[in-house]
Amino acid sequence: MNVELRQLRCLVAIVDEGTFTDAAIALGVSQAAVSRTLASLERSLGVRLLRRTSREVAPTATGLRVVAHARRVLGEVEDLVREATSGHTLLRIGYAWSAVGRHTLAFQRRWAAAHPGTELHLVRVPSATAGLAEGACDLAVVRRSLDDRRFDSAIVGLERRMCAMASDDPLARRRSVRLADFTGRTLLIDRRTGTTTTELWPPEARPATEETHDVDDWLTLISTGRCVGMTAESTANQYPRPGVVYRPVRDVEPIAVRLAWWRQDPHPATQAAIELLTALYRRA
């Protein structure tokens, strides 16, 4: 089976325009070429796609399903072409849970003012590389080092670690907490993208853990009081939630915020993004 894009375009044009003649005009080809292309598609698929009478052309039941698929395929091809030919007029920055916290809005606005020719998109991808390995972004904000040699990264700032707890938790009455306060509690962690592991505690004082992979689920469980969490300060800024409060953990090292990219194919705007984010974190 060899289905071609021109065949799908022809089918969609016939359905949209209503006649072979109008479809030929829309496609810029002859009516005979439209008929041949449709016939070749029907032969390839082994099904009849259109019902033709002297008055109208209408899709068969199978034709309706094929047209729907054809529209999706053609749309994805358009996206592919746009992605490949956009050059460097678009910069996609991925993040797993939170972008750059309280600096996010300032980063977006200052980027737009300083680089009007390169549109900035922030993309949330809950993966270990925040979408970099998946091809969903050009740069990624990550808060732990990437061991994969395909990537390079630079530290742009530091963030405090925060304890997230239910608003009626006894610890919520404090201005800050210590690692020892987690002992005997259940810590909700994301092993795939999170920054918290039990190795922050000595072996004899490590809390019990439960696992999640979504920030909304993480916040919902914490609000019940069953679990507590530890996260980067950016999460507290980006995800305020009724029933959840954040308190700084004062006896643990801060989290390094890194901007990562493909080592062999860096986006031309990489250095500019590093410099702007570094300046925002330094100013704070």
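Structure: above.
Per-chain numbering applies: the sequence of each chain, read as written, is numbered from 1 onward. Two thresholds apply to this predicted model, a pLDDT of at least 70 for residue-level local features and 80 or more for giving and counting side-chain atom pairs, whereas whole-chain, interface and lining totals are computed over all residues. The basis for the side-chain values is all heavy atoms of the structure; hydrogens and waters are excluded.

A. Representation of the overall build of the chain in the model. Each helix and strand in the chain was counted, giving eight helices and twelve strands. We compute the radius of gyration from the C-alpha atoms alone; for a globule the expected value is 2.2 Å times N to the 0.38, where N is the number of residues. Compactness check: the chain gives a C-alpha radius of gyration of 27 Å against a globular reference of 19 Å for 284 residues, more than 25% above the reference. Counting only C-alpha atoms, the chain reaches 80 × 40 × 35 Å along its principal axes. A simple rule labels every residue: compare its accessible area, found with a 1.4 Å probe on the protein chains alone, to the largest value its type can have, and call it buried under 20%, exposed over 50%, or partly exposed in between. Within the chain, the fraction of its 284 residues that count as buried is 44%. Working rule for contacts: check all heavy atoms of both residues, and any pair within 4.5 Å makes them a contact. Taking contacts inside the chain between residues at least 6 apart in sequence as the whole, the part at least 24 apart equals 70%. Computed with the Shrake-Rupley method and a 1.4 Å probe, the accessible areas treat only the protein chains shown as cover for residues. Summed over its atoms, the accessible surface of the chain is roughly 15,300 Å², and 50% of this surface lies on carbon and sulfur atoms. The average position of the 39 basic charges and that of the 33 acidic charges among the side chains of the chain differ by 2 Å. A helix here means a DSSP run of H or I that spans at least four residues, while a strand means a run of E at least two residues long, and both kinds are numbered starting from the N terminus. Counting rule applied: Lys, Arg positive; Asp, Glu negative; His and chain ends not counted. Here the site of a charge means NZ on Lys, CZ on Arg, CG on Asp, or CD on Glu.

B. Representation of unusual backbone geometry in the model. Of note in the backbone geometry, Ala130 takes a positive phi value of approximately 55° without being a glycine. With respect to the secondary-structure elements, Ala130 resides in the loop between β4 (119–124) and β5 (139–142). The exposure class assigned to Ala130 is buried, which follows from its relative accessible area of 1%.

C. Representation of the packing of helix α1 (residues 5–17) against helix α3 (residues 31–45) within the structure. The N-to-C vectors of α1 and α3 enclose an angle of 115°; their axes lie 9 Å apart at closest approach. As the angle between them shows, α1 and α3 are arranged roughly perpendicular. When you trace α1 past α3, the crossing you get is left-handed. Taking contact as the criterion, the partners of Arg6, Gln7, Leu8, Cys10, Leu11 and Ile14 in α1 are, on α3, Val34, Thr37, Leu38, Ser40, Leu41 and Ser44. Taken together, the residues that form the contact of α1 with α3 break down as seven nonpolar, four polar and one charged. Axis lines are fitted through C-alpha atoms, for helices just across the contact stretch, and the angle between N-to-C directions can take any value from 0 to 180 degrees. Each angle is binned into one of four classes, with values under 35 degrees roughly parallel, values over 145 roughly antiparallel, values of 65 to 115 roughly perpendicular, and all other values oblique. Throughout, a crossing is termed right-handed when the near helix is turned clockwise from the far one, and left-handed when it is turned anticlockwise from it by less than a right angle. For this scheme, ten residues count as nonpolar: Ala, Val, Leu, Ile, Met, Phe, Trp, Tyr, Cys and Pro. Four count as charged, namely Asp, Glu, Lys and Arg, and the remainder, Gly too, count as polar.

D. Fine view of the side chain of Ser176. Looking at the element boundaries, Ser176 is found in the loop between β7 (161–166) and β8 (186–189). When neighbours within four sequence positions are excluded, Ser176 is seen to be in contact with Arg247, Pro248 and Arg250.

E. Main features of the packing of aromatic side chains. Here a Phe, Tyr or Trp ring, Trp counted by its six-membered ring, pairs with any other such ring whose centre lies within 6.5 Å, and the pair is stacked when the planes are under 30 degrees apart, edge-to-face when over 60, and tilted otherwise. In total, this model carries four aromatic pairs according to the counting rule given. Centre to centre, the rings of Phe182 and Trp201 are 5.3 Å apart; their planes meet at 70°, and the pair counts as edge-to-face. Taken together, the residues Phe182 in the loop between β7 and β8 and Trp201 in the loop between β8 and β9 (208–211) connect sequence positions 19 residues apart. No difference in accessibility class separates Phe182 from Trp201, as the two residues are buried.

F. View of the nonpolar core. By convention a nonpolar core is built from buried Ala, Val, Leu, Ile, Met, Phe, Trp, Tyr and Cys residues, the set being connected through side-chain atoms within 4.5 Å. Ranked by internal contacts, the top residues of the largest apolar core, which has 21 residues, are Leu91, Ile93, Phe107, Trp111 and Leu259. Per-element tally for this core: the top contributor is helix α8 (residues 270–283), with six residues. By size, the runner-up hydrophobic cluster in this structure holds 19 residues, among which are Cys10, Leu11, Val12 and Ile14.

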